[in-house]
Amino acid sequence: MLLELLVRSTINRARDYAAYLMACIMAIVVYFCFTAIKTDPVLSKLKSAGERLIFGGTIQIASIIIILFAAFFLAYANLFFMKKRRQEIGMLSVMGVTRLQISVVFFAESLVIGTIALLIGLFFGIFLSKLFGMLLLRMMGISVAIPFLISWGAIKQTTITFGLLFLLTGLLNSSLIFRYQLVDLLHPTEFSRKTRRPNWLTTIWGLIGVMLIISGYYLAEHILTLMPYFEKRYGYGIDFAYLGMILWFEIIGTLAFFQAYTQIWLRLERQWKRLYYRGTHLLSVTNLSYRFKKNAKTLWMITILSAVTITALGSAVMIYTFNQKTLRENIPADIIYSKFQKADVERVLREQKVTPKRITTTTYKIVDAQFEVATPWINDSVMQAGATGVLPLSRYNMLMARQFKLPATQLRPNEAVAMIDLPLTMIKMPHRKRLASASQQGIPLQIKQPEIPQLRIIHIRRLYPNGVPVNFYGALNMAVVPDQYYEQIKPAAIDKVYALDLTPKQRRNKQLMRAFFNLAHDTKKQSYLTTTKNENGFKRYHVTTKSVSNGINRADLLLRKPNQDRSNANFGFYMYIALFIALTFMLATGSIIMLKQLSEAQEEILQYKTLKRIGMTYSEIKRTIYFQILIIFLLPIILGTLHAIFAIRLLSLFLDNPGLQLVYIVCGIFIMIYFVFYLVTAEIYNRIVNIPLNDDALY
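Along each chain, residue indices are assigned from 1 in the same order as the chain's sequence is written. It should be noted that, the model being predicted, local features are given only for residues of pLDDT at least 70 and side-chain atom pairs only at 80 or more, the latter also being counted only at that level, while totals for whole chains, interfaces and linings use all residues. Excluding hydrogens and water, the side-chain values take into account all heavy atoms of the structure.

### Concerning the overall build of the protein
Which entries qualify depends on this criterion: Here a helix means four or more residues in a row that DSSP labels H or I, a strand means two or more in a row labelled E, and each is numbered from the N terminus. Here's how the labels work: a residue is buried when its accessible area is under 20% of the maximum for its type, exposed when over 50%, partly exposed in between, all with a 1.4 Å probe on protein chains only. Note on definitions: a residue-residue contact is assigned when non-hydrogen atoms from the two residues lie within 4.5 Å. Areas reported as accessible are Shrake-Rupley estimates using a 1.4 Å probe. Residue values count occlusion only from the protein chains shown.
In terms of regular secondary structure, the protein is built from 21 helices and 14 strands. Per-residue burial for the protein yields a buried fraction of 50% across its 699 residues. Taking contacts inside the protein between residues at least 6 apart in sequence as the whole, the part at least 24 apart equals 83%. Here the protein has roughly 34200 Å² of accessible surface; of this, 62% comes from carbon and sulfur atoms.

Structure representation (structure tokens):
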């Protein structure tokens, strides 16, 4: 009898478990593929730019995250199923089935569902593991053939991990049965569907929620001006309190939004008579008021999880974009080297019989100079002083056009351009207090030579000709002056930098790139910038290959391709992990909303039958259902996306505003996935409640 009861119960609940199974299967597939990557003999031994990529630690952390979230989802979903089936448990008790027998049935049912999910997940995991591995290599920019292998270690680990999870879930389900009284089971707690007028406490709580959300956005958007103000008054320890304030404002504000503000909004809709009594809007507003009241905490949880997911994925995409942008800026040619590496580079080219596409020579005059810039992170301003490389405007325009495809810069006789290695989001220009008067634009540039007239900086940029690393670390300033002034400058030292461009075929020459790679890692070939004399405030500089205690070193040979390969491999790997963890979160959170809505559909069959008896058509009911489900899905996703966008924008300020287009595309894809969940949920909901009057079937 118990076996027959188990089979019938599992078959009857198959449709209810569809979304639950889908999320479980996805988690199992992702976990299996991660584990298979860690144990794959090809992937685990990859090398990029001479450095071994270690997968184990990162994969292990990702696997733990998936397991923790899967455990949370399983516990939540099963609690939901048990609450939904309280009457079924009560009826079985009345029929004489003991609680122990019922608990055994529910325990076995959980194991059956878990076994089905595990078998399907392992099947798709084995089938898709090679595809996922190829996708990983594609994202890492590595061309290696992966054979189709069945990882028995991954199968064993996945089976044990998820088997224990499903076992614990079954024990949880069977133990819950003993907590219910028979009276409560036969008469489950009813949730009032009355649309009560929000009282003054509800109004205040709702307005506080909106104010908290807006305040959190304001604090995030103005962090570069407000945080330094608080640091000045309370010290640097206030930074964590400031960021924590933003976080808690959004968490508490979101809860108040769904608990109270939605009720205020719907009350205003009721007062708008022309809209409230139009078509089926009255029914929609009434049902939404009930749904928001009943599902406030669930919608709040979904919003926070969605915000965390989008923020994590968007931040990973933004950091990847920032890294690519920084790499292009730091090494704008295939090979960049100093005058001290010139002989070695020419020797390698001769040995490999390679004629480069182009070699560009740049001569810098190094002088002692200074200027001040204002920044919100410093109380007043920050002094940029010391060794400064000076370029003529004509050479600068040629290099920027060739290396960055930028238009030419125009300067008047007394104007200049400065380059500093600071995020431009942390710079204010011009300084309003002392650095420039109202009638004079720009920042004074003082080149410490009496014959040089005063120049004013009208542009501050982060793009360096030939990249930042070719300059001396700790003395990264560079200035561009009109050609006639450049000729008048007497340099303390002269430095030469060469930029070499290769053809695509030469870039693929492994022997050539290996020779340059070994040359770049020869630590004995380094140059230094030293201060040789200091008379009357004028510093003298010298560029040498001798290591000295007060010298500032630099990278004398930069290679774009090895650095790009290593960067693509590392960030592609982390992007791959972030993508699949985010996808797992999306499916689980979407499934939670779907399960909640479909459970309410069973409760509302009688209501919709009554509406059809009094004259509402099937199409009107369908439109009402689609509108209500859309609002339930739309609000948490839109609010969560807004939270994530402001969080990502906050991070972008510290990364000098890298391109956010790819981030917005990711957010759009996230919303599209939830839109698919919405369409599926609305269609199933409509089939449940919008059945013909003479049809007694529930689904």
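### Considerations on the confidence of the model for the protein
Defined as follows: One confidence number per residue, pLDDT, is output by the predictor and ranges from 0 to 100.
Mean pLDDT over the protein stands at 76; residues scoring 70 or higher make up 76%. Confidence scores differ between elements of the protein, with strand S2 (residues 51–52) showing the lowest mean pLDDT of 42 and helix H14 (residues 393–404) the highest of 91. Counting contacts from residues 47–53, a segment whose pLDDT is below 50, to residues more than four positions away or on other chains yields 18 contacts. Of the regions scoring below 50 in pLDDT, residues 429–439 engages in 24 contacts with residues more than four places distant in sequence or in other chains.

### Concerning the nonpolar core
What counts here: Residues belong to one nonpolar core when they are buried, are Ala, Val, Leu, Ile, Met, Phe, Trp, Tyr or Cys, and are joined through side-chain atoms within 4.5 Å.
If you look at the biggest cluster of nonpolar residues, it comprises 102 residues, and the most contacted ones within it are Phe34 and Phe162. It is helix H18 (residues 560–603) that provides the largest number of residues to this core, a total of 19 residues. Membership of the second largest hydrophobic core comes to 24 residues, among which are Ala333, Leu393, Met400 and Val480.

### Considering unusual backbone geometry
Non-glycine residue Lys353 carries a positive phi angle of around 55°. Positive phi outside glycine occurs at Lys405, with the angle close to 55°. Relative to the helices and strands, Lys405 resides in the loop between H14 and strand S6 (415–419). Residue classification places Lys405 among the exposed positions, given a relative accessible area of 70%.

### Looking at the environment of Leu579
With respect to the element layout, Leu579 can be found in helix H18. Sequence-wise, Leu579 and Ala316 are 263 residues apart; in three dimensions their C-alpha atoms are separated by 8.9 Å.

### Thoughts on the pairing of strand S4 (residues 358–373)
Put simply, side chains in a regular strand alternate between the two faces of the sheet. Rules: We call two strands paired when DSSP finds no fewer than two bridges between them.
The sheet contact formed by S4 and strand S10 (residues 493–501) spans nine bridges and is antiparallel. Bridged to Ile366 within S10 is Ala493. The pairing of S4 with strand S5 (residues 382–392) spans nine bridges and is classified as antiparallel. Bridge pairing links Asp368 to Ala387 in S5. Strand direction decides the pairing type here: S4 and strand S7 (residues 443–447), joined by two bridges, are antiparallel. Counted as the bridge partner of Ala369 is Ile447 from S7.

### Digging into the side chain of Thr161
So the rule is basically this: N or O atoms closer than or at 3.5 Å make up a polar contact, with two conditions inside protein: a donor-capable atom paired with an acceptor-capable one, and, for residues adjacent in sequence, both atoms drawn from side chains.
Looking at the element boundaries, Thr161 is found in helix H6 (residues 152–176). Reaching out from Thr161, the side chain makes a polar contact with the backbone oxygen of Gln157 at a distance of 2.8 Å. In this view, Thr161 contacts Tyr31 and Ile67; residues no more than four positions away in its chain are not counted.

### Regarding the packing of helix H13 (residues 342–351) against helix H17 (residues 510–520)
Definition in use: To get an axis, fit a line to the C-alpha atoms, keeping to the stretch in contact for a helix; angles then go from 0 to 180 degrees between the N-to-C directions. Throughout this description, any angle smaller than 35 degrees is read as roughly parallel, any larger than 145 degrees as roughly antiparallel, any in the 65 to 115 degree range as roughly perpendicular, and the remainder as oblique. The crossing is said to be left-handed when, going from far helix to near helix, the turn is anticlockwise and less than a right angle, and right-handed when the turn is clockwise.
At their nearest, the axes of H13 and H17 sit 10 Å apart, and the two run at 160° to each other. Between H13 and H17, the angle is such that the two are roughly antiparallel. Relative to H17, H13 is oriented so that their crossing is right-handed. Counting all contacts with H13, which are made through Asp344, Val345, Arg347, Val348 and Leu349, the residues of H17 involved are Leu512, Ala515, Phe516 and Leu519.

### Structural notes on the pattern of salt bridges
Going by this rule: The salt bridge criterion pairs a side-chain nitrogen of Lys or Arg with a carboxyl oxygen of Asp or Glu, the two atoms within 4 Å.
Counted according to the given criterion, the structure contains eleven salt bridges. A salt bridge links Arg347 to Glu351, with the shortest nitrogen-to-oxygen separation between them at 3.4 Å. Placement of the pair is Arg347 and Glu351 together in helix H13, with a separation of four residues, close to one helical turn. Accessibility expressed as a relative area gives 31% for Arg347, which makes it partly exposed. For Glu351, a relative accessible area of 53% gives the class exposed. A salt bridge links Lys448 to Asp368; the shortest N-O distance between them is 3.7 Å. Of this pair, Lys448 sits in the loop between S7 and strand S8 (455–461) while Asp368 is found in strand S4, placing the two residues 80 residues apart along the sequence. Asp368 gets classed as buried once you look at its relative accessible area, which sits at 6%. The network of salt bridges with common partners includes Asp334, Arg507 and Arg560.

### Describing H14
Heads up, the rule is: Take the residue count of a helix, subtract one, and multiply by 1.5 Å to get its expected span. By construction, the arc corresponds to the directions joining the helix axis to the C-beta atoms.
Taking 1.5 Å per residue, twelve residues should reach 16 Å; H14 reaches 16 Å between its end C-alpha atoms and fits that length. When H14 is considered as a whole, its buried residues turn out to be Leu393, Tyr396, Asn397, Leu399, Met400, Gln403 and Phe404. Taken around the axis of H14, the buried residues stretch over an arc of 165°, which confines them to a single face. Lys405 lies just past H14 and shows a positive phi near 55°.

### A look at empty space enclosed by the protein
Operational definition: Throughout, the protein atoms alone are placed on a 1 Å grid, and a set of points is a cavity if a 1.4 Å probe fits but cannot get out or a pocket if it is open with protein on both sides within 12 Å along at least five of seven lines; lining residues have an atom within 4 Å of a point. Grid points are joined across faces, edges and corners, and a volume is the space filled by probe spheres set on the points. When residues are grouped by polarity, Ala, Val, Leu, Ile, Met, Phe, Trp, Tyr, Cys and Pro land in nonpolar, Asp, Glu, Lys and Arg in charged, and all others, Gly among them, in polar.
The final tally for this structure, using the stated rule, is four cavities of 30 Å³ or more. The computed volume of the largest cavity comes to approximately 130 Å³. Contributing to the lining of the largest cavity are 15 residues, with Ile366, Gly389, Asn471, Phe472 and Asp495 lying nearest its centre. The leading source of residues in the lining of the largest cavity is S5, at three residues. Across the lining of the largest cavity, the residue classes break down as nine nonpolar, four polar and two charged.

### Some points on the packing of aromatic side chains
Using the following cut-off: Pairing of aromatic rings covers Phe, Tyr and Trp, the last through its six-membered ring, and needs centres within 6.5 Å; plane angles under 30 degrees mean stacked, over 60 mean edge-to-face, and all others mean tilted. Look at NZ for Lys and CZ for Arg. If either is within 6 Å of the ring centre and within 35 degrees of the ring normal, a charge sits over the ring.
The tally for this structure, following the rule as stated, stands at eleven aromatic pairs. An angle of 15° between the planes, with centres 5.3 Å apart, marks the rings of Tyr337 and Tyr498 as stacked. Of this pair, Tyr337 sits in strand S3 (residues 335–338) while Tyr498 sits in strand S10, and the two are 161 residues apart along the sequence. The interplanar angle of 85° and the centroid separation of 6.2 Å between the aromatic rings of Tyr626 and Tyr678 together place this pair among those described as edge-to-face. Residue Tyr626 is found in helix H20 (residues 618–654), and its partner Tyr678 is found in helix H21 (residues 661–689); the two are separated by 52 residues along the sequence. Of the two residues, Tyr626 and Tyr678, both sit in the buried class. Connected via pairs of aromatic rings, a cluster forms that spans Tyr626, Phe633, Phe675 and Tyr678. Taking the ring centre of Tyr486 as reference, the NZ or CZ of Lys365 above it sits at 4.3 Å.

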